[in-house]
Amino acid sequence: MQRTSTTFGPSHLVIETGAPQPDDTTIVERKGLGHPDTLADHLAERLSRTYSQYTVERFGAVLHHNFDKLALLGGASEVRYGSGKMTSPVRVLINGRAAAVCGGEEIPVEELAEATVREFFAERLPETADHLDLRFHITSNSSPGAVLTEGGEAERTRWFAPRSVDDLRERRVLLANDTSLGTGWAPENRFESFVRELVDHFSGDGPFTAQHPWCGSDVKLMGYWDGQAADIVLCVPQKCTFVGSRAAYLDNKHTVLTECDRLAALHLPGAPVRFRLNVRDVPEKDEFYLTYTGSSIESGDEGVVGRGNRVNGLITPLRPMNMEGANGKNPVYHVGKLYNLAATRLAQRLHAEFGGHVEAHLVSATGERLDRPWRILVRLSSDDVPPAKVRKLVTDALAAFPDLTEEIIHRGVVMS
């Protein structure tokens with residue numbers, strides 16, 4: 001393995017070529033659209049986008065906010081063959097901070113949040129739309145570091161109550177909000193891609209779910225692949241309103257398994273693939289993954305931002321990962337969001353340019369320039385890689401943060 005290093009400004013870039021190619025052994029997990037953790041991630045991101053769009057329209061800038069500590073506490077339900085109902089609401093803990101005023105004009109933060117939450121659940125889990133208990137814990141407290149002196153008000157005390165957008169320092173220079181990191185890698189192997197496709201097939205809008213309305217969205221998959229064969233544990237709920245009997249539930253399981261085999265033959269041709277579906281089922285006791293809404297959020301399960309899929313939509317413990325929860329973070333300067341997206345895209349571009357396996361790691365130091373990470377590590381399995389070309393792709397990725405922010409706010413980057 002060859003290593004070269006260089007600096008540009010305060011950034012230190014290390015490029016490693018000829019790095020070991022990962023072997024075929026793969027452990028991968030994906031949580032579907034109705035999983036409580038995915039619901040928390042996507043709702044937090046929807047809240048950030050709604051708030052960002054409102055403040056851009058009213059004031060010309062994204063005001064300070066973060067909703068990345070949102071949590072969902074499961075309700076309760078009654079499930080019968082052919083019918084069901086909610087008996088206790090899903091509690092939505094809308095935690096975070098957001099500027100509630102700018103230049104003397106109040107921002108209807110709670111009203112925006114409530115409308116967004118109700119719209120989100122009406123789309124994603126309509127059976128819960130009238131069974132939500134919203135709890136707001138949104139403050140406008142300033143970040144630590146504001147020391148009061150006789151010389152006047154500390155600048156950062158205005159971050160969540162700006163006199164105008166001119167009080168936002170990111171209008172002058174983008175600085176990292178935290179000491180943290182972003183991680184990306186490429187390419188996915190064929191098993192990782194198959195896992196993504198299979199979970200989306202059962203949990204999203206598509207031909208299968210349109211033809212089988214009993215299929216719920218709280219799908220979860222854990223898979224093991226050794227390069228030749230796959231072993232998969234899969235959970236696919238059924239919606240009780242459309243399942244009239246034990247026999248109907250078991251027939252539907254057979255339908256799911258048949259579809260799994262069909263898709264495996266397409267995506268993993270020639271490879272033996274074993275599926276185990278809803279392994280906790282106990283048919284003789286009528287203990288099944290049968291739900292009213294299609295999600296375990298109806299029956300005591302919880303969802304928290306950052307506990308689900310990573311930015312690339314997968315959970316891959318044998319690949320490089322980090323613990324950041326990107327959803328709901330401010331899209332202008334929050335490292336946990338922007339560096340993970342940038343590192344993922346950088347790895348994909350490096351792979352497209354040079355082939356082989358690629359890792360990209362961006363590490364920030366709080367308060368320093370966002371586009372000049374403290375440390376940058378690029379690893380490539382390819383040997384013949386000109387360092388100047390790598391540096392060019394790195395600097396292009398770092399220069400793209402304003403465009404990335406615009407994309408997140410207005411076009412909606414899918415994260416997790």
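Given the structure is predicted, the values throughout are model-derived calculations rather than measurements. (Residues numbered from 1 in each chain as written. Predicted model: local features only at pLDDT ≥ 70, side-chain atom pairs only at ≥ 80, totals over all residues. Heavy atoms only, no water.)

### Examining the overall build of the protein chain
Then step 1. Looking only at helices and strands, the protein chain features eight helices and 20 strands.
Then step 2. Since a compact globule built from 416 residues should have a radius of gyration of about 22 Å, the 23 Å found for the protein chain is in line with a globular shape.
Then step 3. The C-alpha extent of the protein chain, read off along each of the three principal axes, is 75 × 60 × 30 Å.
Then step 4. The contacts of the protein chain with a sequence gap of at least 6 include a subset with a gap of at least 24, amounting to 74%.
Then step 5. Counting only carbon and sulfur atoms, one obtains 49% of the accessible surface of the protein chain, whose full area is about 18600 Å².
Then step 6. Of the side chains in the protein chain, 46 bear a positive and 56 a negative charge, and the two mean positions are spaced by 3 Å. (Helix = DSSP H or I, 4+ residues; strand = E, 2+ residues; numbered from the N terminus. Rg over C-alpha atoms; globule rule 2.2 N^0.38 Å. Contact = heavy atoms within 4.5 Å. Areas by Shrake-Rupley, 256 points an atom, 1.4 Å probe, with all protein chains shown as cover. Lys, Arg positive; Asp, Glu negative; His and termini not counted. Charge placed at Lys NZ, Arg CZ, Asp CG, Glu CD.)

### A look at the pairing of strand S8 (residues 90-98)
Then step 1. In terms of burial, S8 is a largely internal element, seven of the nine residues being buried.
Then step 2. Sheet topology note: the strand S4 (residues 65-66)/S8 ladder contains two bridges and is antiparallel. Residue pairing in the sheet places asparagine 66 in a bridge with arginine 97 of S8.
Then step 3. Where strand S5 (residues 71-73) lies against S8, three bridges are found, and the strand directions are antiparallel. By the bridge assignment, leucine 73 is partnered in S8 with arginine 91.
Then step 4. Alignment of S8 against strand S11 (residues 132-139), held across eight bridges, turns out to be parallel. (Buried < 20%, exposed > 50% of the residue type's maximum accessible area, 1.4 Å probe, protein only. Pairing = 2+ DSSP bridges.)

### Quick look at helix H7 (residues 387-399)
Then step 1. In a regular helix each residue adds 1.5 Å, so 13 residues correspond to 18 Å; H7 covers 18 Å between its end C-alpha atoms and thus fits that length.
Then step 2. On its buried side, H7 packs onto strand S1 (2-8), strand S2 (11-17), helix H6 (335-354), strand S19 (358-363), strand S20 (375-380) and helix H8 (401-410). (Expected span 1.5 Å × (residues − 1).)

### Concerning the packing of aromatic side chains
Both the distance between ring centres and the angle between the ring planes are used here to describe each pair of aromatic rings.
Then step 1. Scanning the model with the defined rule gives seven aromatic pairs in all.
Then step 2. Aromatic side chains tyrosine 51 and phenylalanine 67 sit 6.3 Å apart centroid to centroid with 70° between the ring planes, which places their arrangement in the edge-to-face category. Here tyrosine 51, found in helix H1 (residues 36-59), pairs with phenylalanine 67, found in the loop between S4 and S5; they are 16 residues apart in sequence, far enough to count as distant. The residues tyrosine 51 and phenylalanine 67 share a single accessibility class, namely buried.
Then step 3. Here the aromatic cluster, defined as three or more aromatic residues joined through ring pairs, consists of Phe202, Phe208 and Trp214. (Phe/Tyr/Trp six-rings, centres within 6.5 Å; stacked < 30°, edge-to-face > 60°.)

### Re unusual backbone geometry
Then step 1. In this structure, proline 187 follows alanine 186 across a cis peptide bond, with omega equal to 0°.
Then step 2. Positive phi outside glycine occurs at asparagine 278, with the angle close to 50°.
Then step 3. Along the chain, the position of asparagine 278 falls in the loop between strand S16 (273-277) and strand S17 (290-291).
Then step 4. For aspartate 286, which is not glycine, the phi dihedral falls at a positive 55°.

### Some remarks on the side chain of threonine 128
Then step 1. Structurally, threonine 128 is set in the loop between helix H2 (109-124) and S11.
Then step 2. Residue classification places threonine 128 among the buried residues on the basis of a relative accessible area of 0%.
Then step 3. A distance of 2.8 Å separates a polar side-chain atom of threonine 128 from the backbone oxygen of leucine 125.
Then step 4. Discounting chain neighbours no more than four positions away, the residues touching threonine 128 are Phe121 and Thr293. (Polar contact = N/O pair within 3.5 Å; in protein donor to acceptor, adjacent residues only side chain to side chain.)

### Observations concerning the nonpolar core
Then step 1. Ranked by size, the top nonpolar core spans 67 residues in total, and within it Phe202 and Leu234 carry the most contacts.
Then step 2. If we skip the residues at most four places from it in the chain, phenylalanine 202 touches Phe208, Thr209, Cys215, Gly216, Val219, Leu234, Val236, Val256, Glu259 and Cys260. (Core = buried A, V, L, I, M, F, W, Y, C linked by side-chain atoms within 4.5 Å.)

### Some points on the sheet that holds S16
Then step 1. Pairing in this open sheet of four strands is mixed, and the strands run S3-S13-S14-S16 from one edge to the other. Edge strands, defined here as strands with exactly one partner in the open sheet, are strand S3 (26-31) and S16. When the angles between neighbouring strand axes are averaged without regard to direction, this sheet yields 15°.
Then step 2. The pairing of strand S13 (residues 220-225) with strand S14 (residues 230-235) spans six bridges and is antiparallel. (Axes fitted to C-alpha atoms, helices over the stretch in contact; angles between N-to-C directions.)

### Quick look at the sheet that holds S1
Then step 1. Spatial strand order, S1-S2-S20-S19-S12: five strands in an open sheet with mixed pairing. Every other strand in the sheet has two partners, leaving S1 and strand S12 (181-186) as the edge strands with one partner each. Put simply, the sheet's adjacent strands are angled 10° from each other on average, direction ignored.
Then step 2. As paired strands, S2 and S20 are joined by five bridges and run parallel to one another. The residue of S20 that forms the bridge with isoleucine 15 is valine 378.
Then step 3. Taken strand by strand, H6 contacts S12, S19 and S20, and its axis lies near 25° from that of S12.
Then step 4. On the sheet, H7 packs against S1, S2, S19 and S20 and is oriented at approximately 45° with respect to S1.

### Description of the environment of lysine 392
Then step 1. Looking at where lysine 392 falls in the secondary structure, it is placed in helix H7.
Then step 2. Residue classification places lysine 392 among the partly exposed residues on the basis of a relative accessible area of 48%.
Then step 3. At a separation of 2.8 Å, a polar atom in the side chain of lysine 392 contacts the side chain of aspartate 396.

### Looking at the packing of H6 against H7
Then step 1. Contact geometry for H6 and H7: axes closest at 10 Å, N-to-C directions at 150°. Put simply, H6 runs roughly antiparallel to H7. Relative to H7, the crossing made by H6 is right-handed. Across the interface between the two elements, Leu346, Arg349, Leu350, Glu353 and Phe354 from H6 touch Lys389, Val390, Leu393, Val394 and Ala397 from H7.
Then step 2. Looking at side-chain class alone, the contact of H6 with H7 contains seven nonpolar, no polar and three charged residues. (Parallel < 35°, antiparallel > 145°, perpendicular 65-115°, else oblique. Left-handed = near helix turned anticlockwise from the far one by under 90°. Nonpolar A, V, L, I, M, F, W, Y, C, P; charged D, E, K, R; others polar.)

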